[in-house]
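The primary structure of each chain is shown beneath.
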Amino acid sequence: MADLLRFASCGETWLWLMRHVRNEGGPAEDDRGLIIEAPAVLFEIAELGWDDPVLRAHGDPGKITLYSSKFSEIAVVPPFKYSYGGRIRGLQGVDQLGWVTGLLRARPYSKSGWISLTVPGERPDAVPCLTGLAFRIRDGRLAMTATFRSQNALTCYLNYVPLRSIQNEVADDLGVGRGSMRVFVDVPHIYVADAAAVEEILGRSERDGLGEGAALPGPAGRSGRDRGRLRPDGGLRTP
């Protein structure tokens, strides 16, 4: 089982996850082309927001509205093949956030506040990367765990900040404080075609000193300066 790592910010998490895939990953295939996939990871993030200095310096602001709409809109927003908002708020006619809020209001001790974003037997190309959310109240605060079957480390931050909004919404409806946000990623990966972009971001972040905080416990404090394992000319050819 992966160690539970703890990060101070979304930006630190993003940079660490890209380094993790670069340093620990190996070649694999995907419908969209060759990838590098790394071992599973489990971590908590303390602070999340678009004002994160790492995200402001190295993120892609042009994608914020698009990815946020994936969580807020019921309808599928192109080019995505599914809507997290639709699956969270209306999967098979069920408002799952309303259901989990009602459950925890009636039974605040419950461990059953789990919602699924998958449907048995659906098209393989429509199975969402985010497969489930778990909510629980501990010490008067709402904790949330997000489970990803797979995640592109290059764009992971565009999912994490909207997920905090979901957690805040449930906590506010219940009238409790906000606790930790935990994330499990079974197959973190990077597309080989994006390797140069990953290297550029990590290189710039090391030069400007952003995102250098270490996670505890585990190997998250590695500087990861042995670059090149993700380069298309390092034994993996860009399709």
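If you're wondering where the values come from, they're calculated on a predicted model, not measured in any experiment. (Residues numbered from 1 in each chain as written. Predicted model: local features only at pLDDT ≥ 70, side-chain atom pairs only at ≥ 80, totals over all residues. Heavy atoms only, no water.)

Draft legend 1. The arrangement of the sheet that holds strand β3 (residues 35-37) in detail. Here four strands make up an open sheet; going across it, the order is β2-β3-β10-β8 and the pairing mixed. Each end of this open sheet is capped by a strand with a single partner; those strands are β2 (26-28) and β8 (151-152). Here β8 runs beside strand β10 (residues 188-191); their pairing, made up of two bridges, is parallel. Across the sheet, residue Gln-151 finds its bridge partner in β10, namely Pro-188. (Pairing = 2+ DSSP bridges. Helix = DSSP H or I, 4+ residues; strand = E, 2+ residues; numbered from the N terminus.)

Draft legend 2. Region of interest: the pairing of strand β9 (residues 177-185). Here strand β4 (residues 41-47) runs beside β9; their pairing, made up of five bridges, is antiparallel. Following the sheet pairing, Ile-45 is matched in β9 by Met-181.

Draft legend 3. Examining the environment of Leu-158 more closely. By the element assignment, Leu-158 lies in helix α6 (residues 157-174). Residues Leu-158 and Cys-10, spaced 148 residues apart in sequence, show a C-alpha to C-alpha distance of 9.7 Å.

Draft legend 4. Fine view of the packing of helix α5 (residues 96-106) against α6. Taken N-terminus to C-terminus, the directions of α5 and α6 make an angle of 45 degrees; their axes are 10 Å apart at the nearest point. Put simply, α5 runs oblique to α6. Our pair here, α5 against α6, has a crossing hand that is right-handed. Residues Leu-97, Thr-101, Leu-104 and Arg-105 of α5 lie in contact with α6, whose contacting residues are Ile-166, Glu-169, Val-170, Asp-173 and Leu-174. When the residues that make up the contact of α5 with α6 are grouped by side-chain class, the tally is five nonpolar, one polar and three charged. (Axes fitted to C-alpha atoms, helices over the stretch in contact; angles between N-to-C directions. Parallel < 35°, antiparallel > 145°, perpendicular 65-115°, else oblique. Left-handed = near helix turned anticlockwise from the far one by under 90°. Contact = heavy atoms within 4.5 Å. Nonpolar A, V, L, I, M, F, W, Y, C, P; charged D, E, K, R; others polar.)

Draft legend 5. Molecular detail of unusual backbone geometry. With omega at 10 degrees, the peptide bond leading from Pro-78 into Pro-79 counts as cis. Relative to the helices and strands, Pro-79 resides in the loop between α3 (64-72) and α4 (84-90). Located in the positive-phi region is Asp-139, a residue other than glycine, with phi close to 55 degrees. On the secondary structure map, Asp-139 appears in the loop between β6 (130-138) and β7 (141-148).

Draft legend 6. Quick look at the state of the cysteines. The full count for this structure, using the stated rule, is zero disulfides. Left unpaired, Cys-10 is separated from the closest cysteine sulfur, that of Cys-156, by 6.7 Å. For Cys-10, a relative accessible area of 0% translates into the label buried. (Disulfide = S-S within 2.5 Å. Buried < 20%, exposed > 50% of the residue type's maximum accessible area, 1.4 Å probe, protein only.)

Draft legend 7. Local environment of the pattern of salt bridges. All told, the structure shown has nine salt bridges when counted by the stated rule. A salt bridge links Glu-199 to Arg-22; the nearest nitrogen and oxygen atoms lie 3.4 Å apart. Taken as a pair, Glu-199 in helix α7 (residues 195-208) and Arg-22 in helix α1 (residues 10-24) lie far apart in primary sequence, 177 residues in all. Owing to a relative accessible area of 6%, Glu-199 belongs among the buried residues under this scheme. Between Arg-87 and Glu-122 there is a salt bridge whose closest N-O contact spans 2.7 Å. Placement of the pair is Arg-87 in helix α4 and Glu-122 in the loop between β5 (114-116) and β6, with a sequence separation of 35 residues. In this pair, the class of Arg-87 matches that of Glu-122, namely buried. Connected through salt bridges with shared partners, the residues Arg-6, Glu-44 and Arg-182 form a single ionic network. (Salt bridge = Lys/Arg side-chain N within 4 Å of Asp/Glu carboxyl O.)

Draft legend 8. Fine view of the sheet that holds β4. Taken together, the six strands give an open sheet; going across it, the order is β1-β4-β9-β7-β6-β5, and neighbouring strands pair in mixed fashion. In the strand order of this sheet, the two ends are held by β1 (4-9) and β5, each with one partner. Adjacent strand axes in the sheet meet at a mean angle of 20 degrees when their direction is disregarded. When β7 meets β9, the two strands line up parallel, connected through seven bridges.

Draft legend 9. Molecular detail of the environment of Ile-201. Turning to its location among the elements, Ile-201 is positioned in helix α7. On the basis of relative accessibility, which here comes to 8%, the residue Ile-201 falls in the buried class. As a C-alpha pair, Ile-201 and Ala-57 span 144 residues in sequence and 9.4 Å in three-dimensional space. If we ignore the near neighbours within four places in the chain, the residues touching Ile-201 are Trp-14, Leu-15, Met-18, His-58 and Leu-154.

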